[in-house]
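Residue-level structural notes
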Amino acid sequence: MHIMKAIRIKLWQDLVNYKKPTSFQLKETYPLPPYSTVIGMVHTMCGFTSYHPMEISIQGKYFSKVNDLYTRYEFKNGMTYDDKRHQLKVGDYGVGRGIATAELLVDVELLLHVIPEDQDLVETIAEAFQTPVEYPSLGRREDIATIEEVKVVSVEKITAEEDLKLDQNYGAYVPISLIENEEVYFRPHAQSNVGRNDMLGTRYLLTDTYELINRGTAKAPKMFRNWLKKDVFYTTSIIISEEDKFFVDEDEKLVFLDIK
């Protein structure tokens, strides 16, 4: 296994929503940002105008959750204004305005590893985070991120000299293949008190990248995003046995990658 270069980014956010796409009345949040959100942030920070393939490892923690009210605007394409139905008139069209609730994570700390397929981009990405051209955000546009550390590190699959764990109170997205291949264990030497001894965590299908599909015709194309997703577990109970090989960076931080 060759050694890869990665950009390790540690950042902090005070209040943030990583929206679950199927939540509406209450805008629920994932415990950590999905892969597509991080990939989008990297591309925005670097000014990339086309997709650059990259592997992402996401881990972190938050202090608590709160609910907050926000103003929601709703409209339907082509619907004309009706003073009994709409609160706002925009030209001849009507817009509904109301309140809704968003779930927010408090005091979020993230540790990200970004590994571009084109290793020549490592320094470009690192510089974009060290000297950003505008304020960085992750989640909603208003979810400002404070970058605490940017470091180029080496990542290698090695056999550790002792059992490895996440930092205290940290959770991570673990690709399901790592669990099925028994590279990651959940409480391997103790009986669980919550009724399960295996796969302690929440399983998600997270958006990763997308491909554009034309569902119209050649003359009248209608392009849609077909999302490719990653099957992962979110968990805090992670231990890497000293008997197994696993990806770590040069500072022995765990890196969760679904590659051979």
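Residues numbered from 1 in each chain as written. Predicted model: local features only at pLDDT ≥ 70, side-chain atom pairs only at ≥ 80, totals over all residues. Heavy atoms only, no water.

Let us look at the side chain of Asp 208. Considering the arrangement of structural elements, one finds Asp 208 in strand E10 (residues 202-214). For Asp 208, which is buried and forms no salt bridge, the nearest opposite charge comes from Lys 230, at a distance of 4.4 Å. The contact partners of Asp 208, leaving out residues within four places of it in the chain, are Tyr 35, Ser 36, Ile 39, Trp 227, Leu 228, Lys 229 and Lys 230. (Helix = DSSP H or I, 4+ residues; strand = E, 2+ residues; numbered from the N terminus. Buried < 20%, exposed > 50% of the residue type's maximum accessible area, 1.4 Å probe, protein only. Lys, Arg positive; Asp, Glu negative; His and termini not counted. Salt bridge = Lys/Arg side-chain N within 4 Å of Asp/Glu carboxyl O. Contact = heavy atoms within 4.5 Å.)

On to helix H1 (residues 35-46). Compared with the 16 Å implied by 1.5 Å per residue over 12 residues, the 17 Å span of H1 between its first and last C-alpha is a close match. Counting buried positions over the 12 residues of H1 gives nine, a clear majority of the element. Listing the buried residues of H1 in full gives Tyr 35, Ser 36, Val 38, Ile 39, Met 41, Val 42, His 43, Met 45 and Cys 46. Where H1 ends, the next residue or the one after it, Gly 47, has phi of about 75°, a positive value. (Expected span 1.5 Å × (residues − 1).)

Right, let's get into the pattern of salt bridges. Counted by the stated rule, this structure contains 14 salt bridges. We note a salt bridge from Asp 167 to Lys 253, for which the minimum N-O separation is 2.9 Å. With a gap of 86 residues between them, Asp 167 in the loop between strand E8 (164-165) and strand E9 (171-175) and Lys 253 in the segment after strand E13 (245-249) connect regions that are remote in the sequence. Given the relative accessible area of 32%, Asp 167 is considered partly exposed. As a salt-bridge pair, Arg 203 and Asp 231 come within 2.7 Å of each other at their nearest N and O atoms. Separated by 28 residues along the polypeptide, Arg 203 in strand E10 and Asp 231 in strand E11 (residues 223-235) bring together distant segments of the chain. Residues participating in the shared-partner salt-bridge network are Arg 8, Glu 149, Lys 151, Asp 249, Glu 250 and Asp 251.

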